[in-house]
Amino acid sequence: MAGHQGGVIVSWVDQFPGLSQLPAPVRDHLISGSTVVTVPEGTVIFGPGKPPANLLLLIDGTVRVQQTSDSGREIVLYRVHAGESCVLTTACLLAYEDYSAEGIAETAVRAAAIPREIFDRLVAESVDFRRFVFTAYSKRITDLFLVIDEIAFRRMDIRLAQKLLELADVDGSIAATHRKLATELGTAREVVSRQLQEFQRRNWIMQSRGIIQILERDPLVKLATG
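Once a new chain begins, its residue numbering starts again from 1 and follows that chain's sequence as written. With pLDDT at 70 or above as the cut-off, local features in this predicted model cover only qualifying residues; side-chain atom pairs require 80 or more to be listed or tallied, and sums for whole chains, interfaces and linings still use all residues. Think of the side-chain values as coming from all heavy atoms in the structure, minus any hydrogens and water.

Going by the annotation in an unreviewed UniProt entry, the name recorded for the protein is Crp/Fnr family transcriptional regulator, with Thalassospira alkalitolerans given as the source organism.

Structure (C-alpha cells):
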C-alpha cells in the first residue's frame, strides 16, 4: 500500500528508517510479499500457544503486550507503537516457538504483515534487513529489562505516583480501575488499592467508581521524581 506526499508515492516502508534505505530489489520483494492489515480496537492479535505467521510492523495505533500468570494476574510487558515491531513476535519467528504472551490492539491498528517465508528469506539474504530486525530487537530487549528492574526494585508508591501522573488528563482525572492500574504496574490489585487509600488519606487524591481525581499534584510529582 502506498500514499502520496508532495506528489511522490510513499510506501509504508518509508515509515521505518531502517527499511527505507533498503536496496531496490530487497525493498520491492518486501513490499510485494507483504500486506497491510487493519485490526479493530480490542482485538486479540496473538496469544499463548499460537505460532506467529507474520512479523507485524505498526503503521498506526498501539498494541499492548501482556502476560497472565496461572493465578490470573496480568502484567503489561510493553506497548508497540507506530514505527515499531514486536520483540516477542521477532523472538518467536527466529526461534520457531509459540507465543508465551498475548498482544491486544489497544487502539485501531494498521500494520504491515510480513509473512514468515519472506521474513526468513530476507533475514538470511539481506544484511540491511537483518540489521533492521536485530536493531529493533535489541532496543526492545533493553526496554524489557527496564520493566523487570522497575517491578523488582522500585518502590510501589513511587511507581504508582508516576503512573497516575502519566494517565491523568488536563483536569487531573484518571479513568482507571484498581485492576487496570495493577496490570500496568505488574502487581496485585490489593497492593494498588492499599496505596491509593494511603494517597487518599493524605488528601492527594479522591476516588469514586472507576475514577481517580488528583487533588494535590505537587506531592505526587515530588514522590515520583524524588
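Enquirer: Teacher, can you tell me more about the UniProt feature "domain: Cyclic nucleotide-binding" (unreviewed entry) in the protein here?
Expert: UniProt positions are given in the numbering used here, feature names are shortened, and annotations may be inferred rather than shown by experiment. Here, the residues flagged by UniProt with the feature "domain: Cyclic nucleotide-binding" (unreviewed entry) are residues 18–140. Helix makes up 37% of residues 18–140 and strand 33%, with an end-to-end C-alpha separation of 15 Å. Strands are runs of DSSP state E lasting at least two residues, helices are runs of H or I lasting at least four, and both sets are numbered from the N terminus onward.

Enquirer: Which parts of the structure should I look at to understand unusual backbone geometry?
Expert: Leave glycine aside and you will find that most residues have negative phi; peptide bonds, for their part, are mostly trans. A positive phi angle, near 55°, is found at Y96, a position not held by glycine. Along the polypeptide, Y96 turns up in the loop between α3 (87–95) and β8 (102–105). Taking the relative accessible area as the measure of exposure, Y96 reaches 58% and is therefore exposed. For N203, which is not a glycine, the phi torsion comes out positive at approximately 65°. The residue N203 is located in the loop between α8 (189–201) and β11 (205–208) in this model. Each residue is placed in one exposure class: buried if its accessible area under a 1.4 Å probe, protein chains only, is under 20% of its type's maximum, exposed if it is over 50%, and partly exposed if it falls in between.

Enquirer: What should I look at first to understand the pattern of salt bridges in this one?
Expert: Salt bridges are defined by distance alone: a side-chain nitrogen of Lys or Arg within 4 Å of a carboxyl oxygen of Asp or Glu. Under the criterion given, the structure shown has 14 salt bridges. E190 serves as the salt-bridge partner of R189, at 3.5 Å between the closest nitrogen and oxygen. The class of E190 is partly exposed, set by a relative accessible area of 41%. Salt bridges here are not isolated pairs; linked through shared partners, they connect R64, R79, E106, K163, E166 and E184.

Enquirer: Which parts of the structure should I look at to understand the environment of E97?
Expert: Take E97: it is sitting in the loop between α3 and β8. Separated by 48 residues in the primary sequence, E97 and G49 place their C-alpha atoms 8.7 Å from one another. In this description, contact between two residues means that some pair of their heavy atoms is separated by no more than 4.5 Å. The residues contacting E97, other than those within four sequence positions of it, are P51, P52 and C92.

Enquirer: Hey, could you run me through the domain arrangement of the protein in this one?
Expert: Interfaces are often described in size by the accessible area the parts lose on coming together. Parsing the protein into structural domains produces domain 1 (12–125) and domain 2 (151–225). Residue ranges assigned to the domains are those given by an automatic or database domain assignment. Placing the centre of domain 1 and that of domain 2 at their C-alpha centroids yields a distance of 31 Å. Listed per partner, the contact involves seven residues of domain 1 and eight residues of domain 2. Buried area is a sum: the accessible area each of two parts loses on coming together, probed at 1.4 Å, counted once for each and added. When the two sides are added together, the surface that domain 1 and domain 2 hide from each other amounts to roughly 590 Å², 44% of it contributed by carbon and sulfur. Our enumeration of links across domain 1 and domain 2 arrives at one salt bridge. A salt bridge links R79 to E184; its shortest N-O distance comes to 2.4 Å. Nitrogen and oxygen atoms within 3.5 Å of one another constitute a polar contact, given that in protein one can donate a hydrogen and the other can accept it, and given that sequence-neighbouring residues count only through two side-chain atoms. The tally of links from domain 1 across to domain 2 stands at two residue pairs in polar contact (both at pLDDT 80 or more). With four residues, the top contributor of residues to the side of domain 1 that touches domain 2 is strand β7 (residues 74–81). Note on residue classes: Ala, Val, Leu, Ile, Met, Phe, Trp, Tyr, Cys and Pro are nonpolar, Asp, Glu, Lys and Arg are charged, and everything else, Gly too, is polar. Here the residues of the side of domain 1 that touches domain 2 sort into two nonpolar, two polar and three charged.

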